[in-house]
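Summary of structural features
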Amino acid sequence: MKLFQDDMAKNEILEVISAAYFDDYHVNIKFSDGSEKLVNFKAFLSKSLHPSISKYLDESLFKKFEIKNGNLNWNDYDLIFPIQDLYEGEIK
């Protein structure tokens, strides 16, 4: 999901422009405003009881994310997070 930032021009939309797997369910994410965050997904995935989420504890499956329409997503929107959470560097 795209997000308007208060400190950005109102016509500027925050998007994920690149992402690279780091290690142990961490992804380094670069945003359209030039910022960069290393986001840890492991705690979120580990505590989920839902099989459609916990299946991404298979690291080979987790690594298959892509950027689509400015969002970081897995398997055609099977798993996607609010861009605000990614931007804050914390998955809730």
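Residues numbered from 1 in each chain as written. Predicted model: local features only at pLDDT ≥ 70, side-chain atom pairs only at ≥ 80, totals over all residues. Heavy atoms only, no water.

Looking now at the nonpolar core. In this structure, Ile 29, Phe 41, Trp 74 and Leu 86 are the most contacted members of the largest nonpolar core, which totals 21 residues. Among the elements of the structure, strand S2 (26-31), helix H1 (42-47), strand S5 (71-74) and helix H4 (83-88) are those that each provide at least two residues to this core. Not counting residues up to four positions away in its chain, the partners in contact with Ile 29 are Val 16, Ser 18, Ala 19, Ser 35, Glu 36, Lys 37, Val 39, Phe 41, Leu 72 and Leu 86. (Core = buried A, V, L, I, M, F, W, Y, C linked by side-chain atoms within 4.5 Å. Buried < 20%, exposed > 50% of the residue type's maximum accessible area, 1.4 Å probe, protein only. Helix = DSSP H or I, 4+ residues; strand = E, 2+ residues; numbered from the N terminus. Contact = heavy atoms within 4.5 Å.)

Read from one edge to the other, the open sheet built from 3 strands follows the order S1-S2-S3, with strand pairing classed as antiparallel. The open sheet has two edge strands with one neighbour each: strand S1 (16-23) and strand S3 (36-40). Along the sheet, successive strands turn relative to each other by an average axial angle of 25°, direction set aside. In this structure, S2 lies alongside S3, joined through 5 bridges in antiparallel fashion. Across the sheet, Lys 30 pairs through a bridge with Glu 36, a residue of S3. (Pairing = 2+ DSSP bridges. Axes fitted to C-alpha atoms, helices over the stretch in contact; angles between N-to-C directions.)

The 3 strands lie next to each other as S4-S5-S6, forming an open sheet whose pairing is antiparallel. Where the open sheet ends on each side, the last strands, each with one partner, are strand S4 (65-68) and strand S6 (79-80). Where S5 lies against S6, 2 bridges are found, and the strand directions are antiparallel. The residue bridging Trp 74 from the neighbouring strand is Leu 79, located in S6.

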